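Residue-level structural notes
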Amino acid sequence: MWNWVHQLAEWGRTDVPFAVVTVTEVKGSTPAAPGAKLLVRADGAFHGTIGGGHLEQLVLQDARACLDKGEARTFRYPLGAKLGQCCGGVVDIFVEPVNHGPQLYLFGAGHVGQALCRILEGTPFRVHLVDERAEWVQSPQVPASVARHEEPWDEFAASATWDDLRTYVAVMTHRHDVDQDIIAFAIQKPARYIGLIGSDTKWARFRQRLEAKGLPARQVGRVQCPMGLPIGGKSPQEVAVSIAAGLLQLHHGLAREPGPQPSPAPLLSSGE
């Protein structure tokens, strides 16, 4: 029997979604046995077998469909002429997506960033905290479950997985010029949410500069600034609560999907 536990652990350490397929019950003559497993990725890679043949091809196809939707499902396969098999038995399987939850790329490990890490602990979000300042990103105030990336933002962003359903971005570094560079990069990538900490005034200035660089207004309009729900508090913890609430609301389908916003009236001055 192949070591599916080892392969599960190896794939589980990545951020790439995959599905665990388990044969739960068989009746009659079948090529599969209860407990047989397949691990399947959306790109077609898989490990294990449930007996091969047309049955396995259909299972692989259905598993990839579950990955696309991010849902667990049970399937029943009667092994008759419709499946091109003559065993006459029935195979039941369970498909469970893994690593399919939302990924928050959090740029900036300052007070609000650390508070946001703590608040999102225990939620569906997998947080990647990015900051090249060791004393901030390695702070003991950051939960152990957070993936810490002590490196320049562009190195992380270049190697990260960007997905229009799973990727959420929150930008809150200690420098406005870095914030602007990250936003300029992120709006050209697939992501469900791109947020920037700051005021309406900060965003109006950023928007003006980004559009002056030739970035399309539709891409620039994807950015949410200010971030979060209007709860009124201004302390780092309260701001983090506001941002976390907005992210969770969107993830659970209770908020309008972010989209391009109308351009504000031009500023009289472009200075800070």
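Residues numbered from 1 in each chain as written. Predicted model: local features only at pLDDT ≥ 70, side-chain atom pairs only at ≥ 80, totals over all residues. Heavy atoms only, no water.

1. So, the side chain of Arg166
Within the secondary structure, Arg166 sits in the loop between helix 5 (153–159) and strand 9 (167–171). Salt bridges are absent for the buried Arg166, whose nearest opposite-charge side chain, Asp163, sits at 5.4 Å. Within the structure, the side chain of Arg166 is placed 3.2 Å from the backbone oxygen of Gly101, a separation counted as a polar contact. Ignoring anything within four residues of it in the chain, the contact list for Arg166 reads Asp15, Pro17, Asn99, His100, Gly101, Pro102 and Gln103. (Helix = DSSP H or I, 4+ residues; strand = E, 2+ residues; numbered from the N terminus. Buried < 20%, exposed > 50% of the residue type's maximum accessible area, 1.4 Å probe, protein only. Lys, Arg positive; Asp, Glu negative; His and termini not counted. Salt bridge = Lys/Arg side-chain N within 4 Å of Asp/Glu carboxyl O. Polar contact = N/O pair within 3.5 Å; in protein donor to acceptor, adjacent residues only side chain to side chain. Contact = heavy atoms within 4.5 Å.)

2. With respect to the layout of surface pockets
In this structure, the largest pocket occupies an estimated 680 Å³ of space. Contributing to the lining of the largest pocket are 33 residues, with Pro226, Met227, Gly228, Leu229 and Ser242 lying nearest its centre. The set of elements that each furnish at least two residues to the lining of the largest pocket consists of helix 3 (111–120), strand 10 (193–196) and helix 9 (236–251). Among the elements that take part in the lining of the largest pocket, helix 9 stands out by supplying eight residues, more than any other. Of the voids in this model, the second largest pocket is the one considered here, and its volume is about 190 Å³. Considering the residues around the second largest pocket, the lining is formed by Asp15, Val16, Pro17, Ala42, Leu67, Asp68, His100, Thr161, Asp163, Leu165 and Arg166. Looking at the lining of the second largest pocket residue by residue, the classes come out as five nonpolar, two polar and four charged. Split by domain, the lining of the second largest pocket shows at least three residues from each of two domains, domain 1 (17–98) and domain 2 (103–252). (1 Å grid on protein atoms, 1.4 Å probe; cavity = no way out; pocket = protein on both sides within 12 Å on 5 of 7 lines; lining within 4 Å. Points joined across faces, edges and corners; volume = space filled by probe spheres on them. Nonpolar A, V, L, I, M, F, W, Y, C, P; charged D, E, K, R; others polar. Domains from an automatic or database assignment.)

3. Remarks on the sheet that holds strand 4 (residues 73–78)
With antiparallel pairing, five strands are arranged side by side in an open sheet as 3-2-1-5-4. Either end of the sheet is taken by a strand with one partner, and the two such strands are strand 3 (46–48) and strand 4. Here the average twist between neighbouring strands, direction ignored, is 20°. Two elements, strand 4 and strand 5 (residues 90–98), share six bridges in a ladder whose sense is antiparallel. (Pairing = 2+ DSSP bridges. Axes fitted to C-alpha atoms, helices over the stretch in contact; angles between N-to-C directions.)

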